[in-house]
Amino acid sequence: MKDSLSLLARLGALGMESVEPVVIGALISAEPLLLIGPHGTGKSYLLNRVARALGLAWRHYNAALLNFDDLVGYPLPGPDGQLAYVQTPASIWGAGVVFFDEISRCRIDLQNKLFPIVHERRVQGLLLDQLVYRWAAMNPPALEQEEGSTYRGSEPLDLALADRFAFAIEVPAWADLPEAQQHQIILARDDEVCPEAARALRGRIASGRQLVPRLHEQLAERLAVYVRLLVALLAQAGAVLSPRRAGMLLRNIVTVHAARLLTAPDAAPRESALLALTHSLPQRATEEAVPDRVRLLAAHREAWKAADLGPDDPARVLLLEADPLRRALWAARVSSLSAIDFSTIVADSIAALPLGGRHALALELFAGGAAGRLVAAVAEQCARLYALVATPQQLSETVHANSTRHRAWQHVVATLARLPRGDTDTVPATNLLVGLFAANELATEADVDRALAAWHSAREQVREVIA
């Protein structure tokens, strides 16, 4: 039975199969590793078992209770005037592995002192020359908007610190595990690490390190294109990755792929890239927004597909255009795009544009004939937007004087009176404001101004693109 278990399960860490290639990849690269997950999901247990299997000198610190003296010992001036430290069995000197548990509950001033340990293997400017692995663990951060958060003491990490962890692995929660694994975990005992499993882990790490240079040579150029496109797509989704993270991501993909190949020789780089990406986003430990699974998968697929395209291919150029209106307008001019790809770009652009902006896009798609290339659902959505600006709007409504809605309507009337007569945009702009007011989309005077400003801005962009 034991031979059929995954390597981490043979070490005693059960339920980690979904993230095992990422954990092994982090061990191969020896890059900083952060585990994120609810309490009781085996984060500390996993790292303890791995450290025991590696046989390295091991320091486990509870960062919530940690003082800096616990790390370095007590300072003592030496006879030459240099500062030395009185070491204790718990101090970091001589450690091969350091693990900062509960790092999100660590004081900010101490987090700043942990920064160079994680990033450079240095403390107080001194190199920790025996330190190989830097690990940390935390509960999901308690964000302000999460009223019912269980982990109120778990503060989001500073993005600069989180960005130093190459891997930010989401540990599977209890509910994510199949019943058979839950049963195994309940019956498990904290036995000594199996020597055979420990040897297998060390062997796999050594084999992975031999494999990585060859994989890097084979995949680096293509992965560099993929990562560059991916970073642009994620930025459009609101997740901005640093240049450092882009380099980390490429290396993470290579090491995760190496880890997968050691057990599945037919493993595909595409799946390795998605797995590495999923567990390489530092935003998971911060208060920054993380793209949901659907957006992440869509960005991965688009970037992977576009990495095969030439640098001047219109499809790749479209991927790198961050402005949603311009992207849709350029897509309308690329006749080689399939109806599904074109419709996806238009639908995403409409969702990203404000009132007024989306209506200007719909008007141009119908005026230029590109709307005929849209799939039915997106074409219908565009048709509703187009109809509002292209058709005279009728409004019959009684509003109470001095009410908010009455003031909004008065502002609509005053705004329309200022529009230049004879301008080709005046009629559709009039239809836009009256139609949006009738649909209860303009609740305040500020809403009126925003919608008209977005309309004018979008119309100007349209003229620039089609000029």
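On a predicted model such as this, the values are computed, not experimentally measured, just so you know. In this numbering scheme, every chain counts its residues from 1 along its sequence in written order. Local features in this predicted model are restricted to residues whose pLDDT is 70 or higher, and side-chain atom pairs enter the listing and the counts only when it is 80 or higher, whereas totals over whole chains, interfaces and linings include all residues. In computing side-chain properties, one takes all heavy atoms of the structure into account and sets aside hydrogens as well as water.

Moving on, we come to the overall build of the protein. Summing up its helical and strand segments, the protein has 19 helices and nine strands in all. The size measure is the radius of gyration over C-alpha atoms, and the globule rule it meets is 2.2 Å times the number of residues to the 0.38 power. A globule of 467 residues ought to have a C-alpha radius of gyration of about 23 Å, yet the protein, at 28 Å, is considerably larger. Evaluated residue by residue, the protein yields a buried proportion of 48% over its 467 residues. Note on contacts: a residue pair qualifies if any of its non-hydrogen atoms lie within 4.5 Å across the two residues. Counting only contacts in the protein whose residues sit at least 6 apart along the sequence, the fraction spanning at least 24 positions is 72%. To measure how exposed things are, a 1.4 Å probe is used in the Shrake-Rupley method; for residues, cover is taken only from the protein chains shown. When the accessible surface of the protein is summed, it comes to about 22,700 Å², and 53% of that surface belongs to carbon and sulfur atoms. Positive and negative charge centroids in the protein, built from 46 and 51 side chains respectively, lie 3 Å apart. Where helices and strands are cited, they refer to DSSP runs of H or I of at least four residues and of E of at least two residues respectively, numbered from the N terminus. In this scheme, a residue with accessible area under 20% of its type's maximum is buried, one over 50% is exposed, and one in between is partly exposed, where area comes from a 1.4 Å probe on protein chains only. By the counting scheme adopted, Arg and Lys are positive, Glu and Asp are negative, and His together with the chain ends is not counted. By convention, charge coordinates are those of NZ in Lys, CZ in Arg, CG in Asp, or CD in Glu.

Before going further, it helps to spend a moment on the sheet that holds strand β8 (residues 133-138). Pairs of strands are assigned from DSSP output, requiring at least two bridges between the strands. Taking strand neighbours across the sheet as the criterion, the five strands line up as β2-β5-β8-β1-β9 in an open arrangement whose pairing is parallel. Two strands bound the open sheet, and with one partner strand each, they are β2 (58-62) and β9 (167-170). For this sheet, the mean inter-axis angle between neighbouring strands, taken without regard to orientation, is 15°. One ladder, built from four bridges, connects strand β1 (residues 33-36) with β9; its direction is parallel. Within β9, the position partnered with L33 by the bridge is F167. Strands β1, β2, β5 (97-101) and β8 of the sheet are contacted by helix α3 (residues 43-54), whose axis makes an angle of about 160° with β8. The axes used here are C-alpha line fits, helices contributing only the stretch in contact, and every angle between their N-to-C directions lies in the interval 0 to 180 degrees.

Taken across its 10 residues, helix α2 (residues 20-29) has nine buried, putting it largely inside the fold. All of the buried residues along α2 are E20, P21, V22, V23, I24, G25, A26, L27 and I28. With its phi angle positive at about 60°, A30 sits one or two positions after the end of α2.

By convention, a stacked pair of Phe, Tyr or Trp rings (six-membered ring in the case of Trp) has centres within 6.5 Å and planes under 30 degrees apart, an edge-to-face pair has planes over 60 apart, and any other such pair is tilted. The final tally for this structure, using the stated rule, is seven aromatic pairs. Look at F366 and Y386: their rings are 4.6 Å apart centre to centre, the planes differ by 15°, and that puts the pair in the stacked class. Residue F366 is found in helix α15 (residues 357-367), and its partner Y386 is found in helix α16 (residues 376-390); the two are separated by 20 residues along the sequence. We classify F366 as partly exposed; its relative accessible area is 30%. The exposure class assigned to Y386 is partly exposed, which follows from its relative accessible area of 29%. One aromatic cluster in this structure is built from W58, F99, Y133 and W135. By definition, being over a ring means that NZ of Lys or CZ of Arg is both within 6 Å of the ring centre and within 35 degrees of the ring normal. Taking NZ or CZ as reference, R222 lies 4.2 Å from the ring centre of W304, over its face. Cation over ring: R373 sits above F342, and NZ or CZ is 4.3 Å from the ring centre.

Neither face of β1 is exposed, since L33 and L35 on one face and L34 and I36 on the opposite face are all buried. Strand direction decides the pairing type here: β1 and β8, joined by four bridges, are parallel. Looking at β8, one finds that I36 is bridged to M138.

This brings us to a nonpolar patch on the surface. Each patch is assembled from residues with relative accessible area greater than 30% and no salt bridge, linking like charges that lie within 9 Å and nonpolar side chains (Val, Leu, Ile, Met, Phe, Trp, Tyr) that lie within 5 Å. Here a salt bridge means any side-chain nitrogen of Lys or Arg lying within 4 Å of a carboxyl oxygen belonging to Asp or Glu. Taken together, the side chains of Y74, L76 and V86 present a nonpolar region at the surface, about 290 Å² in accessible area. Here L76 lies in strand β3 (residues 74-77).

Moving on, we get to the side chain of T41. The topology assignment puts T41 in the loop between β1 and α3. Residue T41 is classed as buried on the basis of its relative accessible area of 13%. In protein, a polar contact means a hydrogen-donor-capable atom and an acceptor-capable atom, both N or O and within 3.5 Å, with residues adjacent in sequence counting only if both atoms are side-chain atoms; elsewhere, any N or O pair within 3.5 Å suffices. Reaching out from T41, the side chain makes a polar contact with the backbone oxygen of P38 at a distance of 2.6 Å. With residues up to four places along the chain from it excluded, the contact list for T41 reads M16, V171, P172, A173 and W174.

One fewer than the residue count of a helix, multiplied by 1.5 Å, yields its expected span. In a regular helix each residue adds 1.5 Å, so 42 residues correspond to 62 Å; helix α8 (residues 195-236) covers only 48 Å between its end C-alpha atoms and thus falls short of that length. Here the bend at a residue means the angle between the axes of two seven-residue stretches, the one that ends at it and the one that starts at it. Along its length, α8 reaches its greatest deviation from straightness, about 55°, at L219. Looking at the residues trailing α8, positive phi occurs at G238, about 95°.

Taken as a whole, this structure holds 17 salt bridges when the rule is applied. When the shortest N-O distance is used, the salt bridge between R49 and D190 registers 2.9 Å. One end of the pair, R49, is in helix α3; the other, D190, is in the loop between α7 (179-187) and α8, with 141 residues separating them in the sequence. Across the pair E102 and R105 runs a salt bridge whose closest N-O atoms are separated by 3.0 Å. Taking relative accessible area as the criterion, E102 reaches 23% and is therefore assigned partly exposed. By relative accessible area, R105 is classed as partly exposed at 30%.

Next up on the list: the nonpolar core. The nonpolar side chains of a soluble globular protein tend to be buried with one another. Put simply, a nonpolar core is a bunch of buried Ala, Val, Leu, Ile, Met, Phe, Trp, Tyr and Cys residues held in one set by side-chain atoms that sit within 4.5 Å of each other. Membership of the largest hydrophobic core comes to 71 residues, with the highest contact counts inside it found for L8, L27, W135, L201, Y226 and L234. Counting residues per element, this core draws most heavily on α8, at 17 residues. Ignoring anything within four residues of it in the chain, the contact list for Y226 reads I253, A273, L277, H300, A303, W304 and A307. Among the nonpolar cores identified, the runner-up in size contains 44 residues, and L337, L365, A370 and L436 belong to it.

Looking now at the packing of α16 against helix α18 (residues 426-438). Between α16 and α18, whose axes approach to 6 Å, the crossing angle comes to 110°. With respect to their mutual orientation, α16 and α18 come out roughly perpendicular. Contacts from L388, V389 and A390 of α16 reach α18 at P428, N431, L432, G435 and L436. Put simply, Ala, Val, Leu, Ile, Met, Phe, Trp, Tyr, Cys and Pro go in the nonpolar bin, Asp, Glu, Lys and Arg in the charged bin, and everything else, Gly too, in the polar bin. Looking at side-chain class alone, the contact of α16 with α18 contains six nonpolar, two polar and no charged residues. Orientation categories follow fixed angle ranges, with anything under 35 degrees roughly parallel, anything over 145 roughly antiparallel, 65 to 115 roughly perpendicular, and all other angles oblique.

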